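Listed below, chain by chain, are the residues.
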Number of protein chains: 2
Amino acid sequence: MSIVVVGTVAFDSIDTIHGSYHNVLGGSATHFALAASFFTRPQLVSVVGDDFPEDFMETLQSRDLDLDGLEVKKGKTFRWHGRYHADMNQRDTLDTQLGLYGDYSPVLPEAYRQTDCVFLANGLPAMQSAVLDQVESPKLVFLDTMNLWIDTALDDLKAVLKRVDGVVLNDSEAQQLTGLHNTIAAAHKLHDFGPRFVVVKKGEHGALATHDGQTFVLPAFPTDAVIDPTGAGDTFAGGMLGSLVRDGLDQLDFTKLRRAVAYGVVMGSFNVEGVTFTRLMTLTRSEIDHRLREFANIIDIPF
Amino acid sequence: MSIVVVGTVAFDSIDTIHGSYHNVLGGSATHFALAASFFTRPQLVSVVGDDFPEDFMETLQSRDLDLDGLEVKKGKTFRWHGRYHADMNQRDTLDTQLGLYGDYSPVLPEAYRQTDCVFLANGLPAMQSAVLDQVESPKLVFLDTMNLWIDTALDDLKAVLKRVDGVVLNDSEAQQLTGLHNTIAAAHKLHDFGPRFVVVKKGEHGALATHDGQTFVLPAFPTDAVIDPTGAGDTFAGGMLGSLVRDGLDQLDFTKLRRAVAYGVVMGSFNVEGVTFTRLMTLTRSEIDHRLREFANIIDIPF
């Protein structure tokens, strides 16, 4: 089984108090796919320009990714430039250049259309719907979104939310979409929009998931060395959906989702330890499982 | 065994989006003692004026508190007025009237001086030190503090921090005191100030504790109905120290501290469910233990 992920493959420029990194490989689909590749073989759907360097392609090829859905076209690759505050939970976007992604209409390779699992990374809701039109009968579809689409494309967003099984979004987005200030209440309310699984990312404060009236919460894995949070949310989603696919999408229940969210938190914690996804490039599956057990011990309440 | 708590007994006025409550019983020592009373018999040290109503005194007497240390003097009781934002994690203090608390010099009753455990609620660091001068050989002293004292009485604060076993404070205060933006790093750094136990309160995001290089983190107990967070931090501390005292202060280790922090989180979660401490007045010990187990199940990572 695999996961089709549709999102950006990009040049990132990142300013942090620890240093600046310009034109490094980034993008939502990149982060998601690299994280998910520890659990399954992701099928990456995106577009890059003829400015996309060979060594970036080699980085993608160094993990077991299916890149048949990655189009290379004449033009510019998506570029993002952000600056983190001393408080790494705060960042400003300095520049976004959509390039070819601006009028990108994803076309899924024939072999991807029977996929069991789809992750629609943050993107124009109409584009997310157009992707879903191309898949036959996926067992699990998750989408991410952002405040921009809540502000500018709410009807389209509501339409695509009706077509997905799960939504993963930030706490501020959950609150904005529902109009509720309490994150727990907002998460439960989000089910009214369609998804049976709701996952709320809270950055350094962890994540929570709701399903069928049940609630699961986790703090973040505690780390005193946050180098670069860029892509942590997509890395979280990659770990989460990777775990779900590995566990099997039949009889998908809250137990599997809880395990998946925990893997997501763990993958996110590795992501922040290095610039962009550099830490993931040296990561091993045993390190992931070791940290999951360490995490369970850290949050264990001794009776 | 008991706990001596020194702090305010006050009139609170609270504005929230759910309603306004004027001149209700509040105060740091009140919240702490009521929470701790589910675990041990707290000895309350504070001062109130001749404006302090009989029914407030009856409320305090309705729980098993030792009130010999509560002075009633001619003058005004401490008053606080705060307004919560729609996001209940944000509040503004509209007014503080110190009244008799402004030049209060706590004098511990003779019977309190052999106490094993002291909680110095947020207050002037020099006053906190003066309390410690009056206790003989406590096994465990925790203090709370706030940004005001970091700004205006840093030397006194550093002096009293050297004399305590534990500190409990908010994440923003931990960051301010250490100059570190990462809360985990700030918590570990706080041990350099003296305390062997550091507990950081994060409101709706839970709490963390550090000791001897180890880290424990918990999310908040998830609740979708936050009525009034006033006093949640002191209620947390009361549950935490109550649990520590009940477990025994000899061989105090990280396991006992973890259990105590979990009880603190649970007590805080009850506190926010009603105006000021009204929820605590109907609470039973079995409800507390039930919620602790429920909490452990909610955060359990299924392997």
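Refer to the structure presented above.
A brief structural summary. Computed from a prediction, not measured in an experiment: that's the story for all the values here. (Residues numbered from 1 in each chain as written. Chains lettered and ligands numbered in written order. Predicted model: local features only at pLDDT ≥ 70, side-chain atom pairs only at ≥ 80, totals over all residues. Heavy atoms only, no water.)

## A word on the overall build of chain A
Part 1 of the argument: Tallying secondary structure elements over chain A gives 11 helices and 13 strands in all.
Part 2 of the argument: At 18 Å, chain A has a C-alpha radius of gyration in line with the 19 Å of a compact globule built from 303 residues.
Part 3 of the argument: Based on the C-alpha atoms only, the size of chain A along its principal axes is roughly 60 × 45 × 35 Å.
Part 4 of the argument: Split into buried and exposed, the 303 residues of chain A put 62% on the buried side.
Part 5 of the argument: Counting only contacts in chain A whose residues sit at least 6 apart along the sequence, the fraction spanning at least 24 positions is 65%.
Part 6 of the argument: Measuring between centres, the 25 positive side-chain charges of chain A sit 4 Å from its 40 negative side-chain charges. (Helix = DSSP H or I, 4+ residues; strand = E, 2+ residues; numbered from the N terminus. Rg over C-alpha atoms; globule rule 2.2 N^0.38 Å. Buried < 20%, exposed > 50% of the residue type's maximum accessible area, 1.4 Å probe, protein only. Contact = heavy atoms within 4.5 Å. Lys, Arg positive; Asp, Glu negative; His and termini not counted. Charge placed at Lys NZ, Arg CZ, Asp CG, Glu CD.)

## Structural notes on helix H3 (residues 125-132) of chain B
One full turn of an α-helix is made of 3.6 residues, so residues set three or four places apart face in the same direction.
Part 1 of the argument: Counted residue by residue, H3 of chain B has 6 buried out of 8 residues, so it is predominantly covered.
Part 2 of the argument: In this structure, the buried residues of H3 of chain B make contact with strand E1 (2-6), strand E8 (117-120), strand E9 (140-144), helix H4 (147-152) and helix H5 (154-161) of chain B.

## Remarks on the interface of chain B and chain A
Part 1 of the argument: Across the boundary between the two partners, chain B contributes 36 residues, which contact 36 residues of chain A.
Part 2 of the argument: Summed over both partners, the interface of chain B with chain A buries about 3200 Å², with 65% contributed by carbon and sulfur atoms.
Part 3 of the argument: Our count for the contact surface shared by chain B and chain A stands at 0 salt bridges.
Part 4 of the argument: The interface formed by chain B and chain A includes 12 residue pairs in polar contact (both at pLDDT 80 or more).
Part 5 of the argument: Elements represented by at least two residues in the side of chain B that touches chain A include exactly helix H7 (183-190), strand E13 (214-218), helix H9 (254-271) and helix H11 (285-298) of chain B. (Buried area = accessible area lost by both parts, 1.4 Å probe. Salt bridge = Lys/Arg side-chain N within 4 Å of Asp/Glu carboxyl O. Polar contact = N/O pair within 3.5 Å; in protein donor to acceptor, adjacent residues only side chain to side chain.)

## Quick word on the sheet that holds strand E2 (residues 10-16) of chain B
All names here are of chain B.
Part 1 of the argument: Strand order in this open sheet of 4 strands is E3-E2-E6-E7, and the pairing throughout is mixed. The open sheet has two edge strands, strand E3 (19-26) and strand E7 (91-97), and neither has a second partner. Across the sheet, the mean angle separating the axes of adjacent strands is 15° when strand polarity is ignored.
Part 2 of the argument: Direction of pairing for strand E6 (residues 78-84) relative to E7: antiparallel, over a ladder of 6 bridges. Paired with Trp80 across the two strands is Thr96, which belongs to E7.
Part 3 of the argument: Sheet contacts for helix H2 (residues 54-62): E2 and E3; angle to E3, the most-contacted strand, approximately 70°. (Pairing = 2+ DSSP bridges. Axes fitted to C-alpha atoms, helices over the stretch in contact; angles between N-to-C directions.)

## Points about unusual backbone geometry
All names here are of chain A.
Part 1 of the argument: One non-glycine residue, Asn23, adopts positive backbone phi at about 55°.
Part 2 of the argument: Here Asn23 shows up in strand E3 (residues 19-26).
Part 3 of the argument: According to the relative accessible area criterion, Asn23 is partly exposed, its value standing at 39%.

## Section: the pairing of strand E12 (residues 207-211) of chain A
Residues and elements named next belong to chain A.
Part 1 of the argument: Extensive coverage of E12 is indicated by the burial of 5 of its 5 residues.
Part 2 of the argument: Residues of E12 alternate between two faces, with Ala207, Ala209 and His211 on one and Leu208 and Thr210 on the opposite face, all of them buried.
Part 3 of the argument: Bridge count between strand E11 (residues 197-201) and E12: 4 bridges; the pairing is antiparallel. Counted as the bridge partner of Lys201 is Ala207 from E12.
Part 4 of the argument: Taking the residues between adjacent antiparallel strands as the criterion, E11 and E12 are bridged by 5 residues, where Gly203 takes a positive phi near 60°.
Part 5 of the argument: The pairing of E12 with strand E13 (residues 214-218) spans 5 bridges and is classified as antiparallel. For Leu208, the partnering residue across the bridge sits in E13 and is Val217.

## Here's the deal with the relation of the copies chain B and chain A
Part 1 of the argument: In screw terms, the move from chain B to chain A is a rotation of 180° and a rise of 0.0 Å along the axis, fitting with an RMSD of 0.0 Å. Overall, the copies show the geometry of a two-fold rotation axis. Relative to the rotation axis, the C-alpha of Pro219 of chain B is the closest in chain B, positioned 2.5 Å from it.
Part 2 of the argument: Comparing interface residues between copies, 100% of those in chain B also lie at the interface in chain A; the contact surface is shared. (Least-squares fit on C-alpha atoms with pLDDT ≥ 70 in both.)

## Quick word on the packing of aromatic side chains
Part 1 of the argument: A complete count under the given rule lists 18 aromatic pairs over all chains for this structure.
Part 2 of the argument: Arranged with centres 5.2 Å apart and planes meeting at 80°, the rings of Phe39 of chain B and Tyr263 of chain B form a pair that is edge-to-face. Residue Phe39 of chain B is located in the loop between helix H1 (28-36) and strand E4 (41-48), and its partner Tyr263 of chain B is located in helix H9; the two are separated by 224 residues in the primary sequence.
Part 3 of the argument: Look at Phe52 of chain B and Phe56 of chain B: their rings are 5.6 Å apart centre to centre, the planes differ by 75°, and that puts the pair in the edge-to-face class. Exposure class is identical for Phe52 of chain B and Phe56 of chain B. Each is buried.
Part 4 of the argument: Clustering of aromatic rings is evident, with ring pairs tying together Phe11, Phe52 and Phe56 of chain A. (Phe/Tyr/Trp six-rings, centres within 6.5 Å; stacked < 30°, edge-to-face > 60°.)

## A few points about H7 of chain B
All names here are of chain B.
Part 1 of the argument: The element H7 is largely enclosed, with a buried count of 6 among its 8 residues.
Part 2 of the argument: Buried within H7 we find Thr183, Ile184, Ala185, Ala186, Ala187 and Leu190.
Part 3 of the argument: Its buried side turned inward, H7 meets strand E10 (166-170), helix H6 (171-178), strand E11 (197-201), strand E12 (207-211) and E13.
Part 4 of the argument: The opening residue of H7 is Asn182, an N-cap whose side-chain oxygen sits 2.9 Å from the backbone nitrogen of Ile184.

## Structural notes on the packing of helix H1 (residues 28-36) of chain A against helix H8 (residues 232-247) of chain A
Residue and element names in this part refer to chain A.
Part 1 of the argument: Axis separation between H1 and H8 bottoms out at 7 Å; the angle between their running directions is 35°. Judged by the sense of rotation from one axis to the other, the crossing of H1 with H8 is right-handed. For the pair H1 and H8, contact is made by Ser28, His31, Phe32, Ala35 and Ala36 and by Asp234, Thr235, Ala237, Gly238, Gly239 and Leu241, respectively.
Part 2 of the argument: When grouped by side-chain class, the residues that make up the contact of H1 with H8 number 5 nonpolar, 5 polar and 1 charged. (Left-handed = near helix turned anticlockwise from the far one by under 90°. Nonpolar A, V, L, I, M, F, W, Y, C, P; charged D, E, K, R; others polar.)

## Some remarks on the pattern of salt bridges
Residue and element names in this part refer to chain A.
Part 1 of the argument: Here the structure, examined in full by the defined rule, presents 30 salt bridges over all chains.
Part 2 of the argument: Among the ionic pairs, Glu273 bridges to Arg291, the shortest N-O distance being 2.7 Å. Residue Glu273 is located in the loop between helix H9 (254-271) and helix H10 (278-281), and its partner Arg291 is located in helix H11 (residues 285-298); the two are separated by 18 residues in the primary sequence.
Part 3 of the argument: For Glu273, a relative accessible area of 25% translates into the label partly exposed.

## Topic: the packing of helix H8 (residues 232-247) of chain B against H9 of chain B
Residues and elements named next belong to chain B.
Part 1 of the argument: Where H8 meets H9, the axes come as close as 7 Å, and the angle between the chain directions of the two elements is 140°. Looking at the two axes, H8 sits oblique to H9. Here H8 and H9 pass one another in a crossing that is right-handed. Contact with H8, carried on its side by Ala232, Thr235, Phe236, Gly239, Met240, Ser243, Leu244, Arg246 and Asp247, involves Lys256, Leu257, Arg259, Ala260, Val261, Tyr263, Gly264, Val265, Met267, Gly268 and Asn271 of H9 and no other residues of that element.
Part 2 of the argument: Tallied by class, residues from the contact of H8 with H9 come to 10 nonpolar, 6 polar and 4 charged. (Parallel < 35°, antiparallel > 145°, perpendicular 65-115°, else oblique.)

These figures come from the coordinates and say nothing about function on their own.
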